[in-house]
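Working through the structure, step by step
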Amino acid sequence: MNKYQWKLKDVLMIAIAAVLFGVVYLGCTYAGGFLYGILAPLGMGSLGYEPFYGIYFMAAAFGIYVMRKPGTGLIAEVLAAVIECLLGNFFGPIIILSGIVQGLGFEAIIALKRYKKFDKITMIEGAILCSIFTLIYNLIVSGYNKIALPILLLMLGVRIISAIIFDGLITPIFADGLAKAGVLKGYAISDSIKQDLED
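All of the points below concern the structure found in this document. (Residues numbered from 1 in each chain as written. Predicted model: local features only at pLDDT ≥ 70, side-chain atom pairs only at ≥ 80, totals over all residues. Heavy atoms only, no water.)

Taken together, the side chains of Y30, F90, F91, I94, L97, I100, L104, I132, F133, I136, I140 and V141 define a hydrophobic patch exposed on the protein surface, amounting to about 1100 Å² of accessible area. The set of elements that each furnish at least two residues to the nonpolar patch consists of α5 (94-112) and α6 (120-141). Note that I94 resides in helix α5. (Patch = residues over 30% accessible without salt bridge, like charges linked within 9 Å, V, L, I, M, F, W, Y side chains within 5 Å. Areas by Shrake-Rupley, 256 points an atom, 1.4 Å probe, with all protein chains shown as cover. Salt bridge = Lys/Arg side-chain N within 4 Å of Asp/Glu carboxyl O. Helix = DSSP H or I, 4+ residues; strand = E, 2+ residues; numbered from the N terminus.)

If you walk through the whole model with that rule in mind, you get four salt bridges. Note that K113 is salt-bridged to E125, the shortest N-O span being 2.7 Å. With K113 in the loop between α5 and α6 and E125 in helix α6, the pair connects residues that are 12 residues apart, well separated along the chain. Given a relative accessible area of 29%, E125 falls into the partly exposed group. The network of salt bridges with shared partners includes K9, D10 and K69. (Buried < 20%, exposed > 50% of the residue type's maximum accessible area, 1.4 Å probe, protein only.)

A few words on the packing of helix α3 (residues 58-67) against helix α7 (residues 149-180). Contact geometry of α3 with α7 gives a least axis separation of 10 Å together with a crossing angle of 45°. Compared by their axis directions, α3 and α7 come out oblique. Here α3 and α7 pass one another in a crossing that is right-handed. Counting all contacts with α3, which are made through M58, A61, F62, Y65 and V66, the residues of α7 involved are F166, D167, I170, T171, P172, F174, A175, D176 and L178. The residue makeup of the contact of α3 with α7, split by class, is 11 nonpolar, one polar and two charged. (Axes fitted to C-alpha atoms, helices over the stretch in contact; angles between N-to-C directions. Parallel < 35°, antiparallel > 145°, perpendicular 65-115°, else oblique. Left-handed = near helix turned anticlockwise from the far one by under 90°. Contact = heavy atoms within 4.5 Å. Nonpolar A, V, L, I, M, F, W, Y, C, P; charged D, E, K, R; others polar.)

With that settled, consider the environment of I109. Along the chain, I109 turns up in helix α5. Overall, the relative accessible area of 12% leaves I109 in the buried class. Among all residues touching I109, those that are not within four sequence positions of it are T122, E125, G126 and L129.

Of all 10 residues making up α3, 10 are buried, and the element is well covered by its neighbours. Residues M58, A59, A60, A61, F62, G63, I64, Y65, V66 and M67 constitute the buried set of α3.

Another aspect to go through is the packing of aromatic side chains. Counted under the stated rule, the structure contains 10 aromatic pairs. Taking 5.8 Å as the distance between ring centres and 55° as the angle between the ring planes, the aromatic pair formed by F21 and F62 counts as tilted. Here F62 lies in helix α3 and F21 lies in helix α1 (residues 8-39), a separation of 41 residues in the sequence. Comparing F21 with F62, the two get one shared label, buried. Ring geometry for Y25 versus Y56: centroids 5.6 Å apart, planes at 70°, classification edge-to-face. Here Y25 is found in helix α1, whereas its partner Y56 is found in helix α2 (residues 53-56), with 31 residues between them in sequence. Judged by relative accessible area, which is 1%, Y25 ranks as buried. For Y56, a relative accessible area of 8% corresponds to the buried category. Positioned above the aromatic ring of Y187, the side-chain terminus of K9 is 4.3 Å from the ring centre. Positioned above the aromatic ring of Y53, the side-chain terminus of R159 is 3.6 Å from the ring centre. (Phe/Tyr/Trp six-rings, centres within 6.5 Å; stacked < 30°, edge-to-face > 60°. Lys NZ or Arg CZ within 6 Å of the ring centre and 35° of its normal.)

In this structure, F21, Y56, V66, F106 and I189 are the most contacted members of the largest nonpolar core, which totals 47 residues. Elements supplying a minimum of two residues to this core: α1, α2, α3, α4 (72-87), α5, α6, α7 and α8 (188-198). When residues in this core are grouped by element, the largest group, nine residues, is from α3. Aside from chain neighbours lying at most four places away, what touches I189 is Y65, V66, R68, A175, D176, A179 and L184. (Core = buried A, V, L, I, M, F, W, Y, C linked by side-chain atoms within 4.5 Å.)

Okay, structure coming up:
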């Protein structure tokens, strides 16, 4: 049987992850808006959302790290964005497009490694690439091209640090913990954990 073939349990996992992360994303959006309001008088309002960007990538990171199949990161991220939109994100449906870009950021680095390498270095690389992808998207769609270069570089730096922490470190640790506890039995991550323990 093709190990990349989707099963019902894969669909259920993506759906559960999308709902959970969609709720988290909505909370981050309001938290980012609050921080934006605090920083705006200092002319640094755009930095308000940057510490949360790593959290915004977590559906993609979690989906692909747990399931290890093509498309799982992208689909999880897009569905989480849809859920966030339905729950009342004040940016509206445009965040679904953001979800596509975010999902592609992680899919790209894993695809380059043919969906065979899922160590923390790979996840950190995915976090960095995702940060760059989304900033390019923001330059084109969100008007970030009008932001002064020093602030733009600071924003990218904060975004990358956030992504490394949440997606390169926390997500693998969290997923590995669930796998070792038996919660993710039947998914590719559990097979990997079992093999590591045997080695």
